[in-house]
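Below, each chain spelled out in residue letters.
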Amino acid sequence: SMWRAHPHERQWPAAPQPFMDEALGSWLGRVAARYRISVARLAREQELLLGAAIGETGWMEMSPLDQDAIEQVAWLARVNVAELQRIQTPESWLIKRSRLSYCKECLFLNPFDVTAPRWLLEWLNPAASVCRVHGTPLLKVPASVFRQCANMDGILKRLNPGRRYANLWEWHGA
């Protein structure tokens, strides 16, 4: 691969680790939220090669990044390249659609880390209609929401208004 870090380029001081079942867009949305900026600004400031990858559904559903882009993002976040490759959206799932599916329960209760809601890669599968964990029909969210919301925090506030995310157990009624 040709990608090399520029001498002036700095790694992100702190980046959340990707979850193994998370969509790449979700993880980048969490990274952007960590710095309180939009995914678009994160990409612009780091000169990330995401341009063509961001489609109809905004930053959540990116077409697969090429090897240089994946290596660049992996270096910035100190993450294994293979981990990021695994969470890319398969090309065959990228169809024109006006809504994305999700399970609210799974979104807000991440079993790996309750403080870090994440968007599952499997929800981007156009064939997905039922939650694998709960057996309930998946909810739909307009794709435009991902164009309107700057990062993952914006999505969470939109899908669960009036809640603070400091204490997700409270949301669950536990």
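The structure under discussion appears in the preceding block.
In this numbering scheme, every chain counts its residues from 1 along its sequence in written order. Selection of residues for local features in this predicted model requires a pLDDT of at least 70, selection of side-chain atom pairs for listing and counting requires 80 or more, and totals for whole chains, interfaces and linings are taken over all residues. Remark: hydrogens and water are excluded; side-chain values derive from all non-hydrogen atoms of the structure.

(A) Representation of helix 7 (residues 152–159). Looking at helix 7, one finds that the buried residues are Met 152, Ile 155, Leu 156 and Leu 159. The buried residues of helix 7 occupy an angular sector of 100° when projected down its axis, which confines them to one face. Packing partners of the buried residues in helix 7 comprise helix 1 (24–34), strand 2 (58–62), strand 3 (99–102), helix 5 (104–108), strand 4 (139–142) and helix 6 (144–148). Put simply, Asn 151 is the residue that caps the front of helix 7, since its side-chain oxygen is 3.0 Å from the backbone nitrogen of Asp 153. Accessible area is worked out with a 1.4 Å probe on protein chains only. A residue is then buried under 20% of its type maximum, exposed over 50%, and partly exposed in between. Per the convention used, a helix needs a DSSP run of H or I reaching at least four residues, while a strand needs a run of E reaching at least two, with both numbered from the N terminus. Working definition: the arc comes from the directions between the helix axis and the C-beta atoms, pointing outward to the latter. Contact between two residues is taken to exist if any of their heavy atoms lie within 4.5 Å; hydrogens are not considered. Within 3.5 Å is the distance limit for a polar contact, defined as a pair of N or O atoms, with the added protein rule that one can donate a hydrogen and the other accept it, and that residues adjacent in sequence qualify only through two side-chain atoms.

(B) Just the environment of Asp 113, in detail. By secondary structure assignment, the location of Asp 113 is in the loop between helix 5 and strand 4. Judged by relative accessible area, which is 28%, Asp 113 ranks as partly exposed. Considered as a pair, Asp 113 and Phe 19 are 94 residues apart in the sequence and their alpha carbons are 9.2 Å apart. Only 2.6 Å separates the side chain of Asp 113 from the side chain of Thr 115, close enough to count as a polar contact.

(C) The packing of aromatic side chains, seen in detail. Ring pairs shown here join Phe, Tyr and Trp side chains whose ring centres sit within 6.5 Å, with only the six-membered ring taken for Trp; geometry is labelled stacked below 30 degrees between planes, edge-to-face above 60, and tilted in between. Applying the stated rule across the entire model yields seven aromatic pairs. When the centroid spacing of 5.2 Å and the interplanar angle of 85° are considered together, the rings of Trp 119 and Phe 146 count as edge-to-face. Linking Trp 119 in the loop between helix 5 and strand 4 with Phe 146 in helix 6, this pair joins segments that are 27 residues apart in sequence. We classify Trp 119 as buried; its relative accessible area is 0%. Classification of Phe 146 by relative accessible area gives buried; the value is 1%. Within the aromatic cluster, the residues linked to one another by ring pairs are Trp 59, Tyr 102, Trp 119, Trp 123 and Phe 146. Directly above the ring of Tyr 35 sits Arg 34, whose terminal nitrogen or CZ lies 5.7 Å from the centroid. Placement of a charge over a ring requires the Lys NZ or Arg CZ to be within 6 Å of the ring centre, with the centre-to-atom vector within 35 degrees of the ring normal.

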